[in-house]
Amino acid sequence: MSAENPARSDAPAPTPAPTDFIRDLVAQDVAAQRYPQIVTRFPPEPNGYLHIGHAKSICLNFGLARENQGRCHLRFDDTNPVKEDVEYVEAIAADVRWLVAGWADHCLGYKPKGAHPAAQTVAGKNDFYLASVAPSDAAEPFFASDYFEALYGYAVELIKRGLAYVCDLSPEDTDAYRGSPDKPGRNSPFRDRSVAENLDLFARMRAGEFPNGARSLRAKIDMASPNIWLRDPLLYRIRHVPHHHAGDKWCIYPLYDFAHCLSDYLEGITHSVCTLEFEVHRPLYDWILGSLDLPRPLPHQYEFAKLNLAYTLVSKRKLLALVNGKVVAGWDDPRMPTISGLRRRGIPAPALRDFVTGVGVTKFDSLTEAAVFENCVRNHLNGAAQRRLAVLKPIKLVLTNLAPGETVACTATNNPQDENPTTRPLALTREVYIEADDFAEVPPPKYFRLKPGGEVRLKYACIIKCEELVKDAAGALVEIRCTADLTTRTGQPNADRKVKGTIHWVSATQCVDAEVRLYDRLFTVPEPAAEEDFLKVVNPKSLETVTAKLEASLASAQVGESFQFERLGYFTPDAKDHSAAKPVFNRTITLKDTWAKA
RNA sequence: UGCCCGAUGGUGUAAUGGUAGCACAAACGACUCUGACUCGUUUUGUCUAGGUUCGAGUCCUAGUCGGGCAGCCA
């Protein structure tokens with residue numbers, strides 16, 4: 001934010017600590033002193049960028065940690081190397097840190113660079129544990145792939161206990177044997193191999209003796225279970241590919257269900273919070289941990305409903321399609337619901353946090369109106385953003401009673417929301433630009449703005465009267481000629497004269513040109529995800545680019561600052577394309593416009 | 001047609017057997033050198049049917065509707 005900004009209210013109102021069924025459960029565990037410290041985790045797979053739905057999960061997990069003096073680990077659930085990339089791990093880490101900055105960074109758990117779980121003895125039993133550290137140059141996020149060796153050991157232990165076996169069924173046959181939701185599956189013919197044979201085969205899987213898909217390691221549970229995830233789920237598959245983090249050490253990779261619960265355990269996670277679709281996986285989560293005779297308290301899984309926001313998509317797969325299809329300019333296109341897109345658009349992190357915690361945490365599959373999000377954004381920006389004058393669609397207006405070169409000094413308020421608002425000088429000149437929308441030759445009913453023979457106030461300057469219109473040969477309006485009543489300026493005798501309309505303006509001789517990108521919602525329907533083809537409901541007018549006239553002081557705008565262009569909306573310099581020589585602004589959001597609605 | 005989960009105004013959520021509240025949205029009004037902000041007023045709700053209870057949004061039973069689960073994805 002600008003250094004010239006005085007202290008101002010960044011947050012509108014202190015929101016009370018949220019409550020929900022998960023926080024209630026955690027509170028009970030705290031009261032019963034079941035854990036020495038509450039430890040949660042945010043575990044994205046690095047196969048795409050984070051979006052607003054992830055923001056909800058981040059704020060829940062970090063919120064749980066900060067409200068209970070606990071920690072929240074950032075962990076990459078990177079068990080499927082074919083879909084993942086370091087580009088994503090870096091982007092995700094940056095997004096998380098941006099979102100929690102100034103709010104929960106003190107809870108963010110990283111681990112020493114390169115660290116792996118260390119062997120220890122607890123209650124006479126062998127154990128592995130990896131403690132968190134604060135983020136620093138010597139630290140990095142957690143990676144499930146750092147646990148491959150430990151996970152392999154746990155798999156061997158399961159085999160020794162007769163609870164896992166190597167299966168030679170092909171992927172197709174495995175599928176056929178699994179049955180269907182209403183029909184039980186059949187036991188694999190390889191289900192009863194001896195422990196010794198399983199141990200030998202599993203070691204040879206790791207050694208790379210078999211091709212992809214030839215064998216798998218499976219948990220031995222119950223092929224007739226009504227819960228499909230208990231029908232001897234796969235624990236390991238063979239994949240002869242290198243891993244973006246683990247390198248080329250492995251050709252077998254654990255699956256989510258096996259890796260996740262144990263990763264939680266290894267890090268000392270107490271509450272493993274995920275979305276509803278994993279509800280049916282919870283018995284498996286508990287089965288794996290319960291089958292290994294682990295000495296420390298076990299983590300537990302809790303599920304909540306993911307965020308659905310009207311007119312937006314929260315699906316990495318579909319968002320990736322928008323990027324690949326060049327529908328948008330990239331993952332951080334300001335129209336994208338990605339965290340990086342929202343940031344580039346100018347959404348303040350506290351506003352995003354307010355929104356995602358405000359919608360609450362339940363198990364109800366809801367669709368939140370876009371207005372709720374917009375309200376949070378405007379709330380924060382209203383207090384934080386300096387006011388400036390800018391004209392998006394300019395039309396020239398000449399003040400005929402001012403001499404060319406004459407300047408009339410005016411004073412503009414930077415933010416009327418401040419307790420002690422600061423001001424800046426503004427110069428009124430003979431030629432100015434006003435918004436084309438602020439003049440109507442044939443005004444509609446209840447039109448407060450400028451019209452032939454009408455009067456209007458130029459904000460921070462004086463009242464003007466429209467005397468004459470100048471048109472070109474084709475009849476198009478090229479110039480509006482007015483007279484200025486300088487006695488209506490602040491401090492002048494007629495300063496208090498009222499007119500119905502006040503409009504913004506920019507001096508034609510003291511202004512800068514800028515590219516301004518006007519964003520609208522990306523989709524034309526409230527539920528693009530419900531569409532047979534979501535690409536068909538992309539809003540063709542989601543981006544309009546104009547060349548605007550900005551007041552001169554905006555020439556020094558910095559990336560990261562937000563401004564309210566008065567009567568228009570909130571704008572921020574584009575993080576990628578803006579420069580002092582060639583200013584580029586993004587419109588974050590418009591002001592509420594009750595007139596336009598009528 | 002198997003299993004799991006859910007249902008409170010237009011939307012999201014609170015009420016943990018005891019006055020159905022909050023926010024957003026909407027409508028109207030006040031204020032206004034931003035048709036913004038702010039302030040005031042108003043409208044709208046416990047899925048259905050039974051049961052337990054002095055008392056049920058909350059507990060029980062059945063139904064209805066909605067969501068999830070059959071990747072060697074997460």
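Residues numbered from 1 in each chain as written. Chains lettered and ligands numbered in written order. Predicted model: local features only at pLDDT ≥ 70, side-chain atom pairs only at ≥ 80, totals over all residues. Heavy atoms only, no water.

K.L.:
Tell me about the overall build of chain A, and please be specific about residues and values.
P.N.:
Assigned secondary structure in chain A consists of 13 helices and 30 strands. In terms of overall dimensions, chain A has C-alpha extents of about 100 × 50 × 40 Å along its principal axes. The buried share of chain A, reckoned over its 598 residues, is 51%. For chain A, the share of sequence-separated contacts (at least 6 apart) that also reach a separation of at least 24 residues comes to 71%. (Helix = DSSP H or I, 4+ residues; strand = E, 2+ residues; numbered from the N terminus. Buried < 20%, exposed > 50% of the residue type's maximum accessible area, 1.4 Å probe, protein only. Contact = heavy atoms within 4.5 Å.)

K.L.:
Describe in detail the packing of helix H2 (residues 52–67) against helix H3 (residues 86–100), supporting the description with residues and values.
P.N.:
Think of two packed helices as two axes; the pair is described by the angle between the axes and how far apart they sit. Packing of H2 against H3 brings their axes to within 11 Å, and their N-to-C directions diverge by 60°. Of the possible angle classes, the one that applies to H2 and H3 is oblique. Crossing of H2 over H3 shows right-handed handedness. Along the contact surface, H2 presents Ala55, Ile58, Cys59 and Phe62, while H3 presents Val96, Leu99 and Val100. (Axes fitted to C-alpha atoms, helices over the stretch in contact; angles between N-to-C directions. Parallel < 35°, antiparallel > 145°, perpendicular 65-115°, else oblique. Left-handed = near helix turned anticlockwise from the far one by under 90°.)

K.L.:
So what's going on with the sheet that holds strand E27 (residues 543–551)? Residues and values would help.
P.N.:
One key point about sheets: their strands pair by backbone hydrogen bonds, in either a parallel or an antiparallel sense. Taken in spatial order, the 7 strands make up an open sheet running E15-E28-E29-E30-E26-E27-E16, and their pairing is mixed. The outermost strands of the open sheet, each flanked by one partner alone, are strand E15 (386–388) and strand E16 (390–391). Across 3 bridges, strand E28 (residues 563–565) lies against strand E29 (residues 569–573) in antiparallel orientation. Looking across to E29, one finds that Gln564 is bridged to Tyr570. Strands in contact with helix H12 (residues 370–384) are E15, E28, E29 and strand E30 (584–590); relative to E30, the strand with the most contacts, it is inclined by about 120°. (Pairing = 2+ DSSP bridges.)

K.L.:
Can you lay out the state of the cysteines for me, pointing to particular residues and giving the numbers?
P.N.:
Covalently bonding the sulfur atom of one cysteine to the sulfur atom of another cysteine gives a disulfide. The final tally for this structure, using the stated rule, is 0 disulfides. The thiol of Cys376 is not disulfide-bonded; the next cysteine sulfur, from Cys59, is found 11 Å away. Take Cys511: it sits in no disulfide, and the sulfur closest to it among the cysteines is that of Cys410, at 15 Å. On the basis of relative accessible area, Cys511 is assigned to the partly exposed category, the value being 22%. (Disulfide = S-S within 2.5 Å.)

K.L.:
Help me get a handle on the pairing of strand E5 (residues 118–122), residues and values and all.
P.N.:
As paired elements, E5 and strand E6 (residues 125–129) share 5 bridges and run antiparallel to each other. Bridge assignment links Thr121 to a residue of E6, and that residue is Asn126. Hairpin connection from E5 to E6: 2 residues lie between these consecutive antiparallel strands, with Ala123 at a positive phi of about 50°.

K.L.:
Before we move on, could you go through empty space enclosed by the protein and cite the residues and values that matter?
P.N.:
Tallied over the entire structure, the rule returns 1 cavity of 30 Å³ or more. Considering only enclosed or pocket space, the largest cavity measures out at about 50 Å³ in volume. Lining the largest cavity, in full, are Arg23, Lys56, Cys59, Leu60, Val356, Thr357, Gly360 and Val361. The element that contributes the greatest number of residues to the lining of the largest cavity is H2, accounting for 3 residues. (1 Å grid on protein atoms, 1.4 Å probe; cavity = no way out; pocket = protein on both sides within 12 Å on 5 of 7 lines; lining within 4 Å. Points joined across faces, edges and corners; volume = space filled by probe spheres on them.)

K.L.:
Please give an account of the side chain of Asp332 that cites residues and values.
P.N.:
With respect to the helices and strands, Asp332 occurs in the loop between helix H9 (316–324) and helix H10 (339–345). There is a polar contact of 3.3 Å between the side chain of Asp332 and the side chain of Arg344. Excluding anything up to four places from it in sequence, Asp332 contacts Thr338, Ser340, Gly341, Arg344 and Lys576. (Polar contact = N/O pair within 3.5 Å; in protein donor to acceptor, adjacent residues only side chain to side chain.)

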